[in-house]
Amino acid sequence: MLFMLLLIVAVACNSSESGGEEENQSDDNNSNSNEETADSDGGESSDEPFSFSLMANLHTPEVPEEKVLEEIEGITNTDVEIQWVPDNNYEDRLNTAFATNSLPDAVFLKNQTTFIQFRDAIEDDQFWEIGPYLDEFENLQKLKDNVLDNTRVNGNLYTLYQGRPLSRQGMIYRKDWADNLGLEAPTTTEEFMEMARAFTEDDPDGNGENDTFGVTDRSDLIYGAFKTVSSWFGTPNYWGEKDGQLLPEFMFDEYVQTMDFFREMHENGYINQDFPVTSKVDQQEFIKNGSAGIYVGSMGDVISLYNDAVAINPDVEYDVHNYVEGPDGEFGVWAIPGFGNLVMFPKSSVETEEDLKKILGFFDSLMAPEVANLSYWGLEGEHYEVVDGSAKVTDDQAKFDREVKPYQAIGIGEPETNGRYEGFFEYEPKAKSEELFKDNENYLIEDPTVPLYSETYVQDGARLQQIITDATYQYILGQTDLEGFEAAIEDWKSQGGEDIIEEFNASE
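Below is a short write-up of the structure. (Residues numbered from 1 in each chain as written. Predicted model: local features only at pLDDT ≥ 70, side-chain atom pairs only at ≥ 80, totals over all residues. Heavy atoms only, no water.)

## As for the overall build of the protein chain
(1) Moving on: Each helix and strand in the protein chain was counted, giving 20 helices and 15 strands.
(2) Moving on: Considered along the principal axes of its C-alpha atoms, the protein chain spans approximately 110 × 55 × 40 Å.
(3) Moving on: Out of the 508 residues belonging to the protein chain, those deemed buried represent 50%.
(4) Moving on: Here the analysis covers contacts within the protein chain between residues at least 6 apart in sequence; of these, 75% occur between residues at least 24 apart.
(5) Moving on: For the protein chain, the accessible area works out to roughly 23200 Å², and carbon and sulfur atoms hold 44% of it. (Helix = DSSP H or I, 4+ residues; strand = E, 2+ residues; numbered from the N terminus. Buried < 20%, exposed > 50% of the residue type's maximum accessible area, 1.4 Å probe, protein only. Contact = heavy atoms within 4.5 Å. Areas by Shrake-Rupley, 256 points an atom, 1.4 Å probe, with all protein chains shown as cover.)

## A short note on the sheet that holds strand β1 (residues 50–58)
Strand pairs in the sheet, formed through backbone hydrogen bonds, run parallel or antiparallel to each other.
(1) Moving on: Taking strand neighbours across the sheet as the criterion, the five strands line up as β2-β1-β3-β12-β4 in an open arrangement whose pairing is mixed. If you trace the sheet from one side to the other, it starts and ends with β2 (78–86) and β4 (160–163), each paired once. Ignoring which end each strand starts from, the neighbouring axes of this sheet average 20° apart.
(2) Moving on: One ladder, built from two bridges, connects strand β3 (residues 106–108) with strand β12 (residues 339–344); its direction is antiparallel. Within β12, the position partnered with F108 by the bridge is V343.
(3) Moving on: Relative to β1, helix α4 (residues 90–99) is tilted by about 140°, and along the sheet it contacts β1, β2 and β3. (Pairing = 2+ DSSP bridges. Axes fitted to C-alpha atoms, helices over the stretch in contact; angles between N-to-C directions.)

## Quick notes on the environment of F250
(1) Moving on: Within the secondary structure, F250 is located in the loop between β8 (245–248) and α11 (253–267).
(2) Moving on: Sequence-wise, F250 and P448 are 198 residues apart; in three dimensions their C-alpha atoms are separated by 15 Å.

## Section: the pattern of salt bridges
Any two side chains of opposite charge can pair, on the condition that their charged atoms come close.
(1) Moving on: Counted under the stated rule, the structure contains 29 salt bridges.
(2) Moving on: Note that K110 and E91 form a salt bridge whose closest N and O atoms lie 3.8 Å from each other. Of the two residues, K110 is situated in the loop between β3 and α5 (112–117) and E91 in helix α4; the sequence distance between them amounts to 19 residues.
(3) Moving on: Close ionic contact of E123 with R119 constitutes a salt bridge, the shortest N to O distance being 3.6 Å. (Salt bridge = Lys/Arg side-chain N within 4 Å of Asp/Glu carboxyl O.)

## Overview of the packing of helix α9 (residues 189–201) against α11
(1) Moving on: Two elements in contact, α9 and α11, have axes separated by 11 Å at closest approach and are oriented at 15°. The angle between α9 and α11 places the two elements in the roughly parallel class. Every pair of crossing elements has a handedness; the one defined by α9 and α11 is right-handed. In this structure, α9 contributes T189, F192, M193 and A196 to the contact, and α11 contributes F261, E264 and M265.
(2) Moving on: In terms of residue class, the contact of α9 with α11 is built from five nonpolar, one polar and one charged. (Parallel < 35°, antiparallel > 145°, perpendicular 65-115°, else oblique. Left-handed = near helix turned anticlockwise from the far one by under 90°. Nonpolar A, V, L, I, M, F, W, Y, C, P; charged D, E, K, R; others polar.)

## Overview of the sheet that holds strand β10 (residues 318–321)
(1) Moving on: Taken in spatial order, the four strands make up an open sheet running β6-β9-β5-β10, and their pairing is mixed. Sheet topology places β6 (213–216) and β10 at the edges, where each strand pairs with a single neighbour. The mean inter-strand angle of the sheet, taken between neighbouring strand axes irrespective of direction, is 20°.
(2) Moving on: By the bridge criterion, three bridges tie β6 to strand β9 (residues 292–298) in an arrangement that is parallel. Looking at β9, one finds that F213 is bridged to A292.
(3) Moving on: Taken strand by strand, helix α12 (residues 280–288) contacts β5 (169–174), β6, β9 and β10, and its axis lies near 135° from that of β9.
(4) Moving on: Here helix α18 (residues 428–440) sits on the sheet in contact with β5 and β10, set at roughly 5° to β10.

The following block contains the structure:
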């Protein structure tokens, strides 16, 4: 009887060992699984999906269907509860969740401004520092060091980032108008001014009427035309170094030169006269309906502009261009920090290092090409097809927007690091714009204060910037002179700007 009992125990042990080997083989075949991450970290392997919650921006009118999410969960062996928050309400919901200690396990921060607002909480050790763990994950360790550095706090890393082209900035212009007038794409600011003049005065559309102007702009000194043109003139990106210290861009001569440039365009009617109060919708309408011929901003906007413009005028032709040298013979273009959104992990929700590693394992899996394409493009054959090594969205754009687009908000990295397909575009200027984004990286003007900190800037920066914004518009419109602009700078300094200068320089 004792022999039979020992035999049963031995058989059971062998069966258990065999089953373990099969599990390990299964894990080896799925290098993106969270079980493998748990095993490598010394935890116990489990067939049960790992459950966690995250909060993300919703950029579409409705919460997406879960078809794509279910595919992602199947591949990563997770059960993810996504709290979708409409983008226009996101900051309020985020702040409320933080104040009530109800943040999810992973929380996206929307943008750089929101991240800065959470710096005190980060320094107060309320979020996990993840830098020491990245080397344990095959895909997360591929994230760009220069972008990660832009999110460090006191040298420590707390975030994963969603990559963005470092600069999309350039110009979109009416190629057919330029051809009519024998103009090439401008390569200097002088040639840009000449195109603006010709599009205003030389009847570029050939209808014999004085009904066009050069540049369409809007009430935005950053994402409108001003900051991009300013970078052509060599203005620093928000802040630059002068006389051994960091100073804001508006204290540099190149900023004043840019204001003079816009003032000349405005006085001559080469730009919409009410641009300081023009909305983005109205700005874009001017170029779509044939009133204006130059749009300075994100070159990627060319596809949406064209799709609307061609319905009005089937013969409309656009082109994109990025390289415009300033008076010094150099070309530069301002850069963003390389991320559009960031995700952090609250200690109030993620209580153990083991759970943190499992969540990081999910995002590591999300960076594998198969899953990165799934979250960004959807299901191949249903939402997109591969053409010439790129992803082409199917003709059913509504289906794509409904079932796929929201999940782009949870992606990590960029095509260079996560291996997902670049987009395929049949419209040649749009495809060209994607190449020019990459070309811009050879000429970037970085913001040196991105990794720095100023408490006064966080508290009063927006209010103080309005002083400069108002003075800039007043100068361009001829409502004040250089002396008046310099008085505005002194006002900015006296109301807290001097403290910002000191704090940024002290934190270098």
